[in-house]
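Topology and contacts: notes
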Amino acid sequence: MTEGVTEDGFRSGFVAVVGRPNVGKSTLVNRLVGRKVAITSSRPQTTRTAIRGVRTTATTQIVFLDTPGIHKPRTPLGERTNARARETLDDVDVVCLVIEANAPIGRGDRFIAELTERASSRILVVNKVDVAGRAEVVDHLALATDQLGEFEAYVPVSAVTGEGTDALVGELEARLPEGPRYFPEGEVTDQPETFLAAELVREQLLRVARDELPHSIAVAVEPLDEDEEPAAGGRLRLRAVIRVERESQKGIVIGKGGSVLKEAGTNARHELESLLGVPVHLETVVKVDRDWQRRPKSLDRLGF
């Protein structure tokens, strides 16, 4: 099938994955796509922008939009990430609202459910069934209609183990309209290499430094030798600029003797090489950009 041309019987469409922070949206999208396209972390609000992941079969193509967790914003950054999550609801074919099987349905879930009421089609996904008892899952499904409204389907899944995800894909494919192949065969995301590299560095910093790392870090990656096109199979040369808001936070990101920055950079480089299939040279530098998440000009410069 030619990209952008609709073939009889081929179905395609866009699916927004929404929910509170840390309910497993990114892990679920990675599972459904079959490859990592979004970073994950146990810390809330890890995802800051809508990320597209593409699942293609012989008869369908689903473009998933992994959205930032909708929350009560405390900074201009939070306001912007909320706005981006809401914007995805206006122009998709299906909305998946994700809630946790091992946590009570809360006010945040109800608020997001109200936002999704305008969607043309919506599915409730009860995630993390692998860590919840059967009774908890049954209770969630029973309470969902009363507390969150009517959905076209209710699907219990585990993004970690994959349980229930085939059923979810079936529900989504049944709701896709006839349409073109928006992305060519084999393409799983529209994110550029620099964006993917920046997210991987941020993910590894979150893992290596754990609770010590300030939430207010931003990572931007730029190519070295911007005027040169890398030769086929050649080394991709990148520089990651990590921004913090305070001078005191700089030492946390670097670590004793540079240990945190070195480990995070090395892990990110190895994963990027595995994903892209080319050798990568990755430089890292830490800069102080005071109160960047509260300053509109800084947010604009960082692409938020």
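One can find the structure itself at the top, above this paragraph.
The notes below deal with the structure included here. (Residues numbered from 1 in each chain as written. Predicted model: local features only at pLDDT ≥ 70, side-chain atom pairs only at ≥ 80, totals over all residues. Heavy atoms only, no water.)

To continue, consider the sheet that holds strand β2 (residues 51-56). One open sheet holds the 6 strands; their spatial order is β2-β3-β1-β4-β5-β6, and the pairing between them is mixed. The sheet is open, and its two edges are formed by β2 and β6 (153-156), each paired on a single side. Averaged over neighbouring strand pairs, the angle between their axes works out to 25° when direction is ignored. One ladder, built from 5 bridges, connects strand β1 (residues 11-19) with strand β4 (residues 94-100); its direction is parallel. Its bridge partner lying in β4, Val15 is registered against Val94. Contacts between helix α4 (residues 134-148) and the sheet are confined to β4, β5 (122-127) and β6, with β5 contributing the most and set at about 145° to the helix. (Pairing = 2+ DSSP bridges. Helix = DSSP H or I, 4+ residues; strand = E, 2+ residues; numbered from the N terminus. Axes fitted to C-alpha atoms, helices over the stretch in contact; angles between N-to-C directions. Contact = heavy atoms within 4.5 Å.)

Buried residues dominate β5, accounting for 6 of its 6 residues. Side chains of β5 alternate between two faces, with Arg122, Leu124 and Val126 and Ile123, Val125 and Asn127 buried alike. Across 6 bridges, β4 lies against β5 in parallel orientation. Following the sheet pairing, Leu97 is matched in β5 by Leu124. With helix α3 (residues 107-115) bridging β4 and the parallel β5, this β-α-β connection has right-handed handedness. Summarising the sheet, β5 and β6 pair through 4 bridges and their orientation is parallel. Note on β6: the bridge partner recorded for Leu124 is Tyr154. Once the chain exits β5 it traverses α4 before rejoining the sheet at β6, and the crossover so formed is right-handed. (Buried < 20%, exposed > 50% of the residue type's maximum accessible area, 1.4 Å probe, protein only. Right-handed = clockwise from strand over helix to strand, strands pointing away.)

Further remarks concern the packing of helix α1 (residues 25-33) against helix α5 (residues 165-173). Where α1 contacts α5, the two axes come as close as 11 Å, and the packing angle between them is 80°. Compared by their axis directions, α1 and α5 come out roughly perpendicular. Of α5, the residues touching α1 (which contributes Leu28, Arg31 and Leu32) are Thr165, Leu168 and Val169. Taken together, the residues of the contact of α1 with α5 break down into 4 nonpolar, 1 polar and 1 charged. (Parallel < 35°, antiparallel > 145°, perpendicular 65-115°, else oblique. Nonpolar A, V, L, I, M, F, W, Y, C, P; charged D, E, K, R; others polar.)

Now for the side chain of Thr165. Tracing the backbone shows Thr165 in helix α5. What Thr165 contacts, discounting residues up to four positions off in sequence, is Leu28, Arg31, Leu32, Val157 and Ser158.

What follows covers the packing of helix α7 (residues 247-254) against helix α8 (residues 259-276). At a minimum axis separation of 5 Å, α7 and α8 run at an interaxial angle of 55°. With respect to each other, α7 and α8 are oriented oblique. Seen from α7, the contacting residues are Ile252, Val253 and Ile254; seen from α8, they are Ser259, Val260 and Leu261. Split by residue class, the contact of α7 with α8 holds 5 nonpolar, 1 polar and no charged.

Within the secondary structure, Ser120 sits in the loop between α3 and β5. Residues in contact with Ser120, not counting those within four places in the same chain, are Val92, Asp93 and Glu152. There is a polar contact of 3.2 Å between the side chain of Ser120 and the backbone oxygen of Asp93. (Polar contact = N/O pair within 3.5 Å; in protein donor to acceptor, adjacent residues only side chain to side chain.)

Summed over the entire model, instances satisfying the criterion amount to 15 salt bridges. With a closest N to O distance of 2.8 Å, Glu185 and Arg181 form a salt bridge. Since its relative accessible area comes to 58%, Glu185 is described here as exposed. Counted as one network, the salt bridges with shared partners bring together Arg20, Glu100, Asp109 and Lys128. (Salt bridge = Lys/Arg side-chain N within 4 Å of Asp/Glu carboxyl O.)

Spatially, the 3 strands line up as an open sheet ordered β7-β8-β9, and their pairing is mixed. On the outer flanks of this sheet lie β7 (218-223) and β9 (280-288), each paired with one strand and no other. Between one strand axis and the next, the sheet turns by 25° as a mean value, whatever way the strands run. Here β7 pairs with strand β8 (residues 236-244) via 6 bridges, running antiparallel.

Moving on, we come to helix α6 (residues 193-209). Within an α-helix, residues lying three or four positions from one another point in the same direction, as the helix has 3.6 residues per turn. For α6, which comprises 17 residues, the first-to-last C-alpha distance of 24 Å matches the rise-based estimate of 24 Å (1.5 Å per residue) to within 8%. Within α6, 13 of the 17 residues are buried, leaving the element largely enclosed by the surrounding structure. (Expected span 1.5 Å × (residues − 1).)

This next bit is on unusual backbone geometry. Look at Asn22: it is not a glycine, yet its phi comes out positive at around 70°. Among the secondary structure elements, Asn22 is positioned in the loop between β1 and α1. Look at Asn22 and you get partly exposed, because its relative accessible area is 32%. Positive phi is not limited to glycine here, since Lys128 has a value of about 70°. With respect to the helices and strands, the residue Lys128 is situated in the loop between β5 and α4.

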